Amino acid sequence: MGEDYKTSPYRRHRSDPEARGSSRDYEDDEDDGSPFSIARTKSAPLDQLRRWRQAALVLNASRRFRYTLDLKKEEERKELIAKIRMHAQVIRAAVLFQEAGNGLNAPVSAKSPSAKLPSSPTRIGEFGISAEELAAMSREHDLSFLQQNGGINGLAKKLKSDTETGAPGDETDQINRKQAFGTNTYPRKKGRNFWTFVWEACRDTTLIILMVAAAASLALGIKTEGIKEGWYDGGSIAIAVLIVIIFTAVSDYKQSLQFQNLNEEKHNIQMEVVRGGRRIKVSIFELLVGDVVPLKIGDQVPADGLVIFGHSLAIDESSMTGESKIVNKDPTKSPFLMSGCKVADGYGSMLITSVGINTEWGLLMASISEDNGEETPLQVRLNGVATFIGIAGLAVAVAVLIILVVRFFTGHTVDPQGRRQFQAGKTKIGPAIDGFIKIFTVAVTIVVVAVPEGLPLAVTLTLAYSMRKMMADKALVRRLSACETMGSATTICSDKTGTLTLNQMTVVEVYAGVKKIDPPDNTSLFPPRVISLLREGISQNTTGSVFVPEGGGALEISGSPTEKAILQWAVNLGMDFGAARSDSVIIHAFPFNSEKKRGGVALKLSNSEIHVHWKGAAEIVLASCASYVDVDDNVVLMDEEKVSYFKKAIEDMAVGSLRCVAIAYKTCEMEKVPTSDEELDNWQLPEEDLILLAIVGIKDPCRPGVRDAVQLCVDAGIKVRMVTGDNVQTAKAIALECGILGSDVNATAPTLIEGKAFREMTESHRLEVVDKISVMGRSSPNDKLLLVQALRRKGHVVAVTGDGTNDAPALNEADIGLAMGIQGTEVAKESSDIIILDDNFSSVVKVVRWGRSVYANIQKFIQFQLTVNVAALIINVVAAVSSGNVPLNAVQLLWVNLIMDTLGALALATEPPTDHLMRRPPVGRREPLITNIMWRNLMIQALYQVIVLLILNFRGKSILNLGHDTKDHAFKVKNTLIFNAFVFCQVFNEFNARKPDEINVWRGVTKNLLFMGIVGIEVVLQVMIIFFLGKFTSTVRLSWKLWIVSLAIAFISWPLAMVGKLIPVPERNFSDYFMGKSHRKKKDRSGKADTSSSKEVSAEV
């Protein structure tokens, strides 16, 4: 048994290189040399994460890296956890040392426990023990103190509880327990308040420079023109910067609140607890001292406590001790359980003795600040895009600064009246400095516009929005990157039970005594001995329970769906659960194992007979049977004919999509049963020469709508594969019903394969057949892991569902691990990226929709932002070079930046998913972010805006008939029109960006109230700027004719976009023409092409 624990599946998925490290060997995860090319941030090495941060061009690091992993804090956090763990170990070591000195042999007992316990423990209420005494006992694993208090049963009485029926659980009792022992919560670090976000927004380098420039301009303006007129230039820039800061802070604060709420959900684990003899489900935060909690493999120990009983109970204490060591637990020698640890094997129950801050786990959690930061591949790539654009914008800004400064100080810059703004030896120093500051602020503002700080943050915005909406669609995202990676999924490996089926099981067919029992609960058709043995075996060989309400009423049956179905059938056969369990005692148990696919118990009856009962996969248990009970109640040896009969019965049930379970037993001679506890712990239950009692067929109907969901995946280019532990024929029947298999003709190897056959293949053979596999039956968790590894090596982006502890390696290995929220164990959930709260396959498909929506929304925002960037930069550069003046000044550019960065991101990054997204192939993880369609759209719009607005800049006076106006007024009217037309072009272009590859850009726009609201705000604010804020923005009021001109210029962008979408684009991305050479070199080095890029087509092309 010790060897089994060394290879515990939970431990293995933490440390086995096959489970974690192998993912970095795949070609798709290779580093192509760019610091911004990280295809998989899941388990990415810290030096790789550090490298892209150092390479990024960043104006505001605290804001840009807010939702990424804080590498420094992560290291500090690990050091703090290690110190706390060491402290706990030192305390125990000191106790052990003291006991050794006193010559005691007990592993952790104390001669004088009172020396370690509080001198005057505070006991509250009627409880016979205090929270301090219990906490000290748990912390020091003090067996002596436990024994002094009457052992576990005595302690339960002092806690007004019972080891069988638990605490009373009424409202008064719960209030008293909370007052005496506290709640199962611990103080958490408060989230950052609004002013923290304001401070972070203020730390933007360019905004700081603009504020300094504004202060200088303000001082000079007041000095030269007086306070009444002189404050406008500097003051308007300062006000514009403050508005940008407030808008940014409000947006970031709202995002933070969304993440905070979602993180609360991650910690809210639902636990089974026994109260008043009834098993109920409560939140982990509602557990109280004195509660009795059933434990099974994969569960988290919810609080500190004591083992009441345990069968092969083994605990992984690595979360507390830092060592991957599995520890056996039992009620006598090692009863102490620590909160936060995991059940690695076996089952049992525990009595809670300490909760919340009184547990070591609570102290640990209260001492560390949880860093929820985690970069996603898209976020890293967008930092690369932002850096590239930022460097280009910085170069443009420097060029504009140099050109304007040279023109200004050489006397080539003139004002609207045609007068030179600077004459050497004549212009005073004040106006000269003021002129330079205006030029400098324009150059800095170009940097603000050019460096798209909001681009990487748009990912966080759309993820926060998507995660909130996905909660409503029954999906809880644990890892941000999974949300977007799901959009690239090319295959989904799904469990059958509970995911594709309803998980509502009933026994519908039974074979016993070489005949079919119809109906299955007709006791008169069973041999009498079989009925008695079935009641005995089913009542004891189960992790479920049957509760009989005191006042009568329906029985309450708890346990897994399979256990509940069999228990309900046994109750129908007349089983009295309590009486049946009291007639025998479990002396040893072999918990159900997904590898062996069976579980068994050894029972000692009142007459001292030993019965060993087995229950499990029908064909596996049948293979261990040598006899059966015939209709005359006699045990008969099983010949070939009878074996064939039972095999045919199993096959017929499996073809009818029934789950087949066989129940068998054998008697065991007393002298063969170990007598000592140690030998008993290591005893292998007899599993050969069994006597078959019954074979039951359990019906689990397909979920409604699952066929449509599977078809939706097929239309989206995603292959759905069923991976199940059930019989191959059962799997085939369900796969045909769900649409995973088209027809019986397709149901041949390797499309339909058994786990064992796949496992025994060579690695090269597995890679040959893996693409063809649609259904894998009788698979073990290791088979699922091998399947995921083979698919990933073939270049697939793999999503896999799992619910058991042994699924942890496959969930961890997959690109997206999807754990089941209802049937999933805590180990499976912790290894997953997304938890499907309703266990429904349709919810998995909704996650795919949201994943694709994240990617599509970011592409929309990139297209919109780059159009603004290109147009604004070209207009200002050309105007600066040719005339020495820029039509868009600093305040106007800050307003454009607000539209482009914050409001644009809110409008476009929160578009809900559409059906159109599910009619595209998956997006390759290495596909260029800017597709050819996006290049076409943004170049058409940017070119149109540049041409029209530059014509207005150079010929505006004559075109607009402004010759009769004063030169100064005509100059301001022309520039105001350019500014107004430019802003409305962006507003209209926001609609174009919604549907980059569709003609009808207005479809569904009225359903997106946020988008409509933001567009409305932009229009209202722009009208207010033109009408009322001219002094601040250097604009004048426009006539109604010029308003029509502005709107007409903007409106043309709509038909222009429609015509542009008719222009075909090449399949090869434009960036490949520039990068093709380096790609060829990389291909030559590796000897093969990147399969993920070649197989996956961009969603936009």
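Right above here is the structure, for reference.
Being a predicted model, the structure only gives us computed values, none of them experimental. (Residues numbered from 1 in each chain as written. Predicted model: local features only at pLDDT ≥ 70, side-chain atom pairs only at ≥ 80, totals over all residues. Heavy atoms only, no water.)

J.: With reference to specific residues and values, describe the pattern of salt bridges.
T.: Applying the stated criterion across every chain, the model contains 28 salt bridges. Across the salt bridge formed by Lys-784 and Asp-495, the nearest N and O atoms sit 2.8 Å from each other. With a gap of 289 residues between them, Lys-784 in helix H30 (residues 781-793) and Asp-495 in the loop between strand S9 (491-494) and strand S10 (506-512) connect regions that are remote in the sequence. With respect to class, Lys-784 is no different from Asp-495; both count as buried. One salt bridge in this structure joins Glu-826 and Lys-829, with 3.5 Å as the shortest N-O distance. (Salt bridge = Lys/Arg side-chain N within 4 Å of Asp/Glu carboxyl O. Helix = DSSP H or I, 4+ residues; strand = E, 2+ residues; numbered from the N terminus. Buried < 20%, exposed > 50% of the residue type's maximum accessible area, 1.4 Å probe, protein only.)

J.: Go over the pairing of S9, please, and point to the residues and values.
T.: Because side chains alternate across S9, one face comprises the buried residues Thr-491 and Cys-493, and the other comprises Ile-492 and Ser-494, equally buried. Here S9 runs beside strand S21 (residues 719-723); their pairing, made up of four bridges, is parallel. By the bridge assignment for S21, Thr-491 is matched with Lys-719. Where S9 and strand S24 (residues 798-802) come together, three bridges link them in parallel fashion. Residue Thr-491 lies in a different strand from S24, and its bridge partner there is Val-798. (Pairing = 2+ DSSP bridges.)

J.: Would you mind going over the packing of aromatic side chains in detail, with residue names and values included?
T.: Considering all chains together, one arrives at 21 aromatic pairs under this definition. Where Tyr-628 meets Phe-646, the ring centres are 6.1 Å apart and the plane angle is 70°; that geometry is what we call edge-to-face. A residue pair is termed long-range when its members are at least 10 positions apart, and Tyr-628 in strand S17 (residues 625-629) and Phe-646 in helix H24 (residues 640-655) qualify at 18 residues. Here Tyr-628 matches Phe-646 in class, with each residue buried. (Phe/Tyr/Trp six-rings, centres within 6.5 Å; stacked < 30°, edge-to-face > 60°.)

J.: Provide a residue-level description of the packing of helix H33 (residues 841-883) against helix H35 (residues 932-959), including the pertinent values.
T.: At a minimum axis separation of 9 Å, H33 and H35 run at an interaxial angle of 30°. Judged by the angle between their axes, H33 and H35 are roughly parallel. As H33 packs across H35, the resulting crossing turns out to be right-handed. Contacts between H33 and H35 involve Gln-859, Ile-862, Gln-863, Leu-866, Thr-867, Val-870, Ala-871, Ile-874, Ile-875, Val-878, Ala-879 and Ser-882 on the former and, on the latter, Met-934, Asn-937, Leu-938, Gln-941, Ala-942, Gln-945, Val-946, Leu-949, Leu-950, Asn-953 and Phe-954. For the contact of H33 with H35, a count of residues per class yields 15 nonpolar, eight polar and no charged. (Axes fitted to C-alpha atoms, helices over the stretch in contact; angles between N-to-C directions. Parallel < 35°, antiparallel > 145°, perpendicular 65-115°, else oblique. Left-handed = near helix turned anticlockwise from the far one by under 90°. Contact = heavy atoms within 4.5 Å. Nonpolar A, V, L, I, M, F, W, Y, C, P; charged D, E, K, R; others polar.)

J.: Go over the state of the cysteines with me, naming the residues and quoting the values.
T.: Under the counting rule described, the total for this entry stands at zero disulfides. Counting only cysteine sulfurs, Cys-738 is the nearest neighbor of Cys-702, a cysteine outside any disulfide, at a range of 3.4 Å. By relative accessible area, Cys-702 is classed as buried at 14%. (Disulfide = S-S within 2.5 Å.)

J.: Provide a residue-level description of a nonpolar patch on the surface, including the pertinent values.
T.: A contiguous nonpolar surface patch, about 460 Å² in accessible area, is contributed by Val-1020, Met-1024, Phe-1027, Phe-1028 and Leu-1029. Its relative accessible area of 59% is what places Phe-1028 among the exposed residues. (Patch = residues over 30% accessible without salt bridge, like charges linked within 9 Å, V, L, I, M, F, W, Y side chains within 5 Å. Areas by Shrake-Rupley, 256 points an atom, 1.4 Å probe, with all protein chains shown as cover.)

J.: Go over the nonpolar core, please, and point to the residues and values.
T.: Nonpolar side chains in soluble globular proteins generally cluster together in the buried interior. Of all hydrophobic cores here, the largest spans 87 residues; its most connected members are Leu-894, Trp-895 and Phe-982. Here this core gets 14 residues from one element, more than from any other, and that element is helix H36 (residues 967-994). In contact with Phe-982, not counting residues within four places along its chain, are Val-868, Ala-871, Ala-872, Ile-875, Leu-888, Val-896, Gln-945 and Leu-949. The next biggest cluster of nonpolar side chains, apart from the first, holds 69 residues, and it includes Leu-741, Ala-799, Val-848 and Tyr-855. (Core = buried A, V, L, I, M, F, W, Y, C linked by side-chain atoms within 4.5 Å.)

J.: Tell me about a negative patch on the surface, and please be specific about residues and values.
T.: On the surface, Asp-677, Glu-678, Glu-679 and Asp-681 cluster together into a negatively charged patch. Mapped onto the secondary structure, Glu-679 falls in helix H25 (residues 677-681). Glu-679 gets classed as partly exposed once you look at its relative accessible area, which sits at 48%. (Lys, Arg positive; Asp, Glu negative; His and termini not counted. Charge placed at Lys NZ, Arg CZ, Asp CG, Glu CD.)

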